[in-house]
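# Examining the three-dimensional arrangement
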Amino acid sequence: MLWTVVVLCVAIVVLPRFLDRIYYTGPASAHFDTARFFNPDGEDTIAMPAGGSRTNFFVRYFFQQDGRPAWPTNVPITPGKPAARVAGERMVITWIGHATMLVQTQGLNILTDPIWENTAGPFGAGPKRVMDPGVRFEDLPKIDLVLISHDHYDHMSLPTLQRLWDRDKPLIVTSLGNDTVMSGVTSVARDWGGRVNVRPGIDVIVTRNHHWGTRFMVDRNRALWSSFVVTLPGGNLFFAGDTGFGDGKWPMEARGYGPIRLALLPIGAFRFVPGQMGIASHVGPIDAAEVFARLGASRAMAIHWGTFRLSYEARDTPPRLLDAVMKCRTDIGGGRAFVAVRAGAPTEVGPLLADPPPTAPVSRDQVVRCLDTPQVRALR
């Protein structure tokens, strides 16, 4: 017993220092204090989303004593087999699961935050995958470009990245510090506003969002988080990564790089307590729809839901709530759509749409009032 106490005391003192890392060094900026990055629009991501202590949160989570609705242990799907390439301005997307989307256009195969692992956490621990990947890894076409939004395990899967690198040697683009985390593969890291050329006429621009990063908690915000704009003939691609709403100005910043044909926007892991419609780190369907409106995107596809159970909502609540939100958003018109797609099913993305005539914007309070129905109140 005595030796156990001694070992625990030593671990408490030694392990945090051992697990902390310096991923990036550079001059101070509007979002970097020379040691850690921060959200310049207000740092509200440190407190636990449900309140209380971090230890209590994780104890209740791992012992399933937080009242979360049950998820299925496995969701059957039919894996797809994407085409080798999609030429020209045609665009085809396939949702693999969570924030992993295969985008095929201009002869390029683009992957966002790829994860094929069965768990999302260190040393094989963490949330278990309930939905198999929508495309088996061996059926994945040669990947040319990979976007890595930040260093959380459900977005930066080092085993998956190593497999992709060994097989395809893709261009991997990320934000500052994450290249250091991804040892074993070669990647290009840029600050917000930085640009990486893919080929003439096609660039990746690293853009701002509102989140945080860590691998071992004590290394919090040693690496930067981001969204991305991929400039493309026929309209840009926007990948939001993992994000809260923050000041809500970052979607317009991304829009400033040109019209957006397709946006990949998160809708899940937003209910850490019953009835909650969004948290500092994650947008739910209400705020995701507002991001969609501010981006001015022709279309949006939902990501970050239904694959790993990360928060309070039932597995199918995010897409059902998104459907209700979009019916309430009478200001989003002109053929624009924000939908969830079935994993593994290739979906053709239409061409860039013209801007619709201006309409009166719908406020968040108006949307919440519109959602006050028995059907939405019954969602868990």
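Located above this text is the structure these notes cover.
Being a predicted model, the structure only gives us computed values, none of them experimental.

## Looking at the sheet that holds strand S10 (residues 236–239)
The seven strands are arranged S7-S8-S9-S10-S11-S12-S13 in an open sheet whose pairing can be described as mixed. Pairing within the sheet leaves two strands with one partner each, and these edge strands are strand S7 (195–199) and strand S13 (337–339). Sheet twist, expressed as the average angle between the axes of neighbouring strands with direction ignored, equals 15°. In terms of strand pairing, S10 meets strand S11 (residues 260–266) through four bridges, oriented parallel. Bridge pairing links asparagine 236 to isoleucine 260 in S11. Sitting on the sheet, helix H6 (residues 285–295) is in contact with S10, S11, strand S12 (299–303) and S13, with an inclination near 160° to S11.

## Considering empty space enclosed by the protein
Under the definition given, this model contains one cavity of 30 Å³ or more. Taken as a whole, the largest cavity spans an internal volume of roughly 80 Å³. Surrounding the largest cavity, 15 residues form its lining, Trp71, Ala269, Trp305, Gly306 and Phe308 being those nearest its centre. Taken together, the residues that form the lining of the largest cavity break down as six nonpolar, six polar and three charged.

## A look at the state of the cysteines
Tallied over the entire structure, the rule returns one disulfide. A sulfur-sulfur distance of 2.1 Å marks the disulfide that ties cysteine 328 to cysteine 370. Negative torsions about the S-S bond denote left-handed disulfides, and the value of about -85° found for cysteine 328 with cysteine 370 makes this one left-handed. One end of the pair, cysteine 328, is in helix H7 (residues 317–328); the other, cysteine 370, is in helix H8 (residues 364–370), and 42 residues separate them in sequence. On the basis of relative accessible area, cysteine 328 is assigned to the buried category, the value being 10%. Judged by its relative accessible area of 36%, cysteine 370 is partly exposed.

## Describing the nonpolar core
Grouped together as the largest cluster of nonpolar side chains are 73 residues, with contacts concentrated most on Phe238, Leu265 and Phe338. Ignoring any residue separated from it by four or fewer positions in sequence, one finds leucine 265 in contact with Phe238, Ala240, Ala288, Val291, Phe292, Leu295, Ala300, Met301, Ala302, Ile303 and Phe338.

## So, unusual backbone geometry
If you check the backbone angles, phenylalanine 123 has positive phi at about 60° while not being a glycine. Looking at where phenylalanine 123 falls in the secondary structure, it is placed in the loop between strand S3 (108–112) and strand S4 (145–147). Owing to a relative accessible area of 78%, phenylalanine 123 belongs among the exposed residues under this scheme. The phi dihedral of asparagine 221 is positive, around 60°, even though this residue is not glycine. The class for asparagine 221 is buried, based on a relative accessible area of 6%.

## Concerning the pairing of S12
Of all the five residues making up S12, five are buried; the element is thus mostly covered by neighbouring parts of the structure. Burial of S12 is two-sided: the residues Arg299, Met301 and Ile303 facing one way and the residues Ala300 and Ala302 facing the other way are all buried. One ladder, built from five bridges, connects S11 with S12; its direction is parallel. Paired with proline 266 across the strands is isoleucine 303, a residue of S12. Following the chain from S11 across H6 to the adjacent parallel S12, one finds a crossover that is right-handed. One ladder, built from three bridges, connects S12 with S13; its direction is parallel. Pairing of arginine 299 across the sheet is with alanine 337, part of S13. Since S12 and S13 lie parallel, the crossover through H7 that links them has a hand, and here it is right-handed.

## Section: H7
Relative to the 16 Å expected for 12 residues at 1.5 Å per residue, H7 spans 16 Å between its end C-alpha atoms, a close match to the ideal helical length. Within H7, nine of the 12 residues are buried, which leaves the element mostly enclosed by the surrounding structure. Those residues of H7 that sit buried are Thr317, Pro318, Pro319, Leu321, Leu322, Ala324, Val325, Met326 and Cys328. Summarising the contacts, the buried residues of H7 are in contact with H6, S12, S13, H8 and helix H9 (374–377).

## Quick look at the packing of aromatic side chains
Counted under the stated rule, the structure contains nine aromatic pairs. Geometrically, the ring pair formed by tyrosine 24 and phenylalanine 32 is edge-to-face, given 5.2 Å between the ring centres and 65° between the ring planes. Accessibility expressed as a relative area gives 2% for phenylalanine 32, which makes it buried. Here the aromatic residues Tyr24, Phe32 and Phe37 are joined through ring pairs into a cluster of three or more.

Thresholds applied
- Residues numbered from 1 in each chain as written.
- Predicted model: local features only at pLDDT ≥ 70, side-chain atom pairs only at ≥ 80, totals over all residues.
- Heavy atoms only, no water.
- Pairing = 2+ DSSP bridges.
- Helix = DSSP H or I, 4+ residues; strand = E, 2+ residues; numbered from the N terminus.
- Axes fitted to C-alpha atoms, helices over the stretch in contact; angles between N-to-C directions.
- Contact = heavy atoms within 4.5 Å.
- 1 Å grid on protein atoms, 1.4 Å probe; cavity = no way out; pocket = protein on both sides within 12 Å on 5 of 7 lines; lining within 4 Å.
- Points joined across faces, edges and corners; volume = space filled by probe spheres on them.
- Nonpolar A, V, L, I, M, F, W, Y, C, P; charged D, E, K, R; others polar.
- Disulfide = S-S within 2.5 Å.
- Buried < 20%, exposed > 50% of the residue type's maximum accessible area, 1.4 Å probe, protein only.
- Core = buried A, V, L, I, M, F, W, Y, C linked by side-chain atoms within 4.5 Å.
- Right-handed = clockwise from strand over helix to strand, strands pointing away.
- Expected span 1.5 Å × (residues − 1).
- Phe/Tyr/Trp six-rings, centres within 6.5 Å; stacked < 30°, edge-to-face > 60°.

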